[in-house]
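Structural overview
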Amino acid sequence: MTNSQNAMWGGRFAEGPDAIMEAINASIGFDRRLAAQDIRGSRAHAAMLAAQGIITDSDAAAIREGLLTVLSEIEAGTFRFSTALEDIHMNVEARLKDLIGEPAGRLHTARSRNDQVATDFRLWVRDQCDAAVEGLQALQRALVTQAEAGADWVMPGFTHLQTAQPVTWGHHMLAYVEMLGRDVGRFADARARMNECPLGAAALAGTSFPIDRGATAAALGFDRPCANSLDAVSDRDFALEFLSAASICAVHLSRFAEELVIWSSAQFRFVVLSDRFSTGSSIMPQKKNPDAAELIRAKIGRVLGAQVALFTVMKGLPLTYSKDMQEDKEQLFDAADTLMLSLAAMEGMVCDMSANREALESAAASGFSTATDLADWLVRELGLPFREAHHVTGSLVALAEGKGCDLPDLTLDEMRGVHAGIREAVFEVLGVRNSVASRASYGGTAPEQVRAQAARWKEVLG
């Protein structure tokens, strides 16, 4: 390839790059995803140049129409991308020149690829924040529906994956609604911080042309222009923040996926996942595998890996732009795709899954799950210090365990053998339904609290 074949390099080099350099240098294989944002930014830039008298209105009109033609070709799949032109910016500009001739060369006045790519990338990540919020809220709505249906369905609550205290199915579903609500907040916060426009920062120092950066910022939906040209082209904290929010969100999805894997097993039978989100075995005909949940559980590795990769790329770069920063997109694109797929799959599973109410309640009554209720009763009714009540309850649990029964199955005389003050009324707190109904403090598992929180979330989510 001769120098004339790549006008971007100008007259500085006698020969073009060889195949290896072209392969390592080109980003068009992945940054073509920025085409819509690139064309949107270029249209805003051209309109501003004309408004400021930097280019003519006729040139701006030709550029505008030419860019719309390029966009339609890309959307139709007829656009021919060239690796020799390196990136989406030069591919678009070269095709624009084919279409409109000389005016295309004026589009790049008062800007650089440095501020151009920073703008395109911010626009793309900003759009992805909005998409993530939509996906999260759809999943929240599905969880709220499950919570309302099972507001009074009793199930075991766990610590250390050991039965701890009875809770309600609705309360468990709403726990994830709260987590995902914070994820929504993180994406919204990241979007607000990144909503400043780099365009007009040029290569690194701004430009001597009388541009109106406020106009381009407003045209692209940004709150304001970036205030420092060095910072505008050199930082990628907006991408890091998106990946951080995505990683935390993926962790939440992975935790819930793990529970679905456990709950759908023959040993638990808490839920039945639909055939749409399950697979069979190639050799064992009885199997119904929760593969969608397992894959969601694994996806955190890709999302977190992208975050670590970009932190590593950025950690030692001096101001301003270095070619290292070309490595800021490929893994972020993959992480964003992974997150959106995981959100959609989880929403589908939650919408389709059926909870086994009988199995949930049966499990809730096992493992001495009302022991804490017994200890609380001893404090409340007999005036025992909690530590003494804890000891008495532990002795009763040991007695029941030795007899192979649960706490409600002990006789009153057997209980009085451990503490003489225990009365018949103790049995009122030992049932799992009584237990959950008593946990009526704000944010507790009582059905009335679950219904109130579900109603609040329905209002929030619209």
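All of the points below concern the structure found in this document. (Residues numbered from 1 in each chain as written. Predicted model: local features only at pLDDT ≥ 70, side-chain atom pairs only at ≥ 80, totals over all residues. Heavy atoms only, no water.)

**Focus: the packing of aromatic side chains**
- The tally for this structure, following the rule as stated, stands at ten aromatic pairs.
- Centre to centre, the rings of F121 and F238 are 5.5 Å apart; their planes meet at 75°, and the pair counts as edge-to-face. With F121 in helix α6 (residues 113-149) and F238 in helix α10 (residues 237-263), this pair connects stretches of sequence that are 117 residues apart. Here F121 and F238 have matching classes, each one buried.
- With centroids separated by 5.5 Å and ring planes inclined at 55°, the aromatic side chains of F187 and F242 adopt a geometry described as tilted. Of the two residues, F187 sits in helix α7 (residues 169-194) while F242 sits in helix α10, which places them 55 residues apart along the sequence.
- Residue class for F187 comes out buried when judged on its relative accessible area of 0%. (Phe/Tyr/Trp six-rings, centres within 6.5 Å; stacked < 30°, edge-to-face > 60°. Helix = DSSP H or I, 4+ residues; strand = E, 2+ residues; numbered from the N terminus. Buried < 20%, exposed > 50% of the residue type's maximum accessible area, 1.4 Å probe, protein only.)

**Topic: the side chain of S342**
- Checked against the element boundaries, S342 lands in helix α12 (residues 330-352).
- Residues within four places of S342 in sequence aside, it is in contact with L253, I296 and K299. (Contact = heavy atoms within 4.5 Å.)

**So, the nonpolar core**
- Core analysis: the largest hydrophobic core is formed by 98 residues, its most contacted members being W169, F187, F256, W263 and M346.
- It is α10 that contributes the most residues to this core, 16 residues altogether.
- Ignoring any residue separated from it by four or fewer positions in sequence, one finds W263 in contact with M155, W169, H172, M173, F256, F268, R269, F270 and V271.
- F368, A389, V397 and L410 belong to the second-largest nonpolar core, a separate cluster that totals 21 residues. (Core = buried A, V, L, I, M, F, W, Y, C linked by side-chain atoms within 4.5 Å.)

**Considering the packing of helix α3 (residues 35-51) against α6**
- For the pair α3 and α6, the least separation of the axes is 9 Å and the interaxial angle reads 120°. Taken as axis vectors, α3 and α6 run oblique relative to one another. For α3 against α6, the interelement crossing comes out right-handed. In contact with Q37, D38, R40 and S42 of α3, α6 contributes Q116, D120, L123, W124, R126 and D127.
- Residue composition of the contact of α3 with α6, grouped by class: two nonpolar, three polar and five charged. (Axes fitted to C-alpha atoms, helices over the stretch in contact; angles between N-to-C directions. Parallel < 35°, antiparallel > 145°, perpendicular 65-115°, else oblique. Left-handed = near helix turned anticlockwise from the far one by under 90°. Nonpolar A, V, L, I, M, F, W, Y, C, P; charged D, E, K, R; others polar.)

**Considering the packing of α7 against helix α18 (residues 447-461)**
- At their nearest, the axes of α7 and α18 sit 10 Å apart, and the two run at 35° to each other. Considering how the two elements wind past one another, α7 and α18 form a crossing that is left-handed. In this structure, α7 contributes G170, H171, L174, V177, E178 and G181 to the contact, and α18 contributes V450, Q453, A454, R456 and W457.
- In terms of residue class, the contact of α7 with α18 is made up of five nonpolar, four polar and two charged.

**Here's the deal with the pattern of salt bridges**
- If you walk through the whole model with that rule in mind, you get 27 salt bridges.
- Among the salt bridges present, the one from R113 reaches D87, with a minimum N-O distance of 2.5 Å. Remark: D87 occurs in the loop between α4 (57-76) and α5 (88-100) and R113 occurs in helix α6; sequence separation between them is 26 residues.
- E148 is paired through a salt bridge with K458; the nearest N and O atoms lie 3.3 Å apart. Linking E148 in helix α6 with K458 in helix α18, this pair joins segments that are 310 residues apart in sequence.
- You can call K458 partly exposed: its relative accessible area is 43%. (Salt bridge = Lys/Arg side-chain N within 4 Å of Asp/Glu carboxyl O.)

**A few points about the pairing of strand β2 (residues 162-168)**
- By the bridge criterion, six bridges tie strand β1 (residues 154-159) to β2 in an arrangement that is antiparallel. Directly across from M155, in β2, lies its bridge partner V167.
- Hairpin geometry of β1 and β2 is characterised by an intervening segment of two residues between the two adjacent antiparallel strands and by a positive phi of about 60° at H160. (Pairing = 2+ DSSP bridges.)

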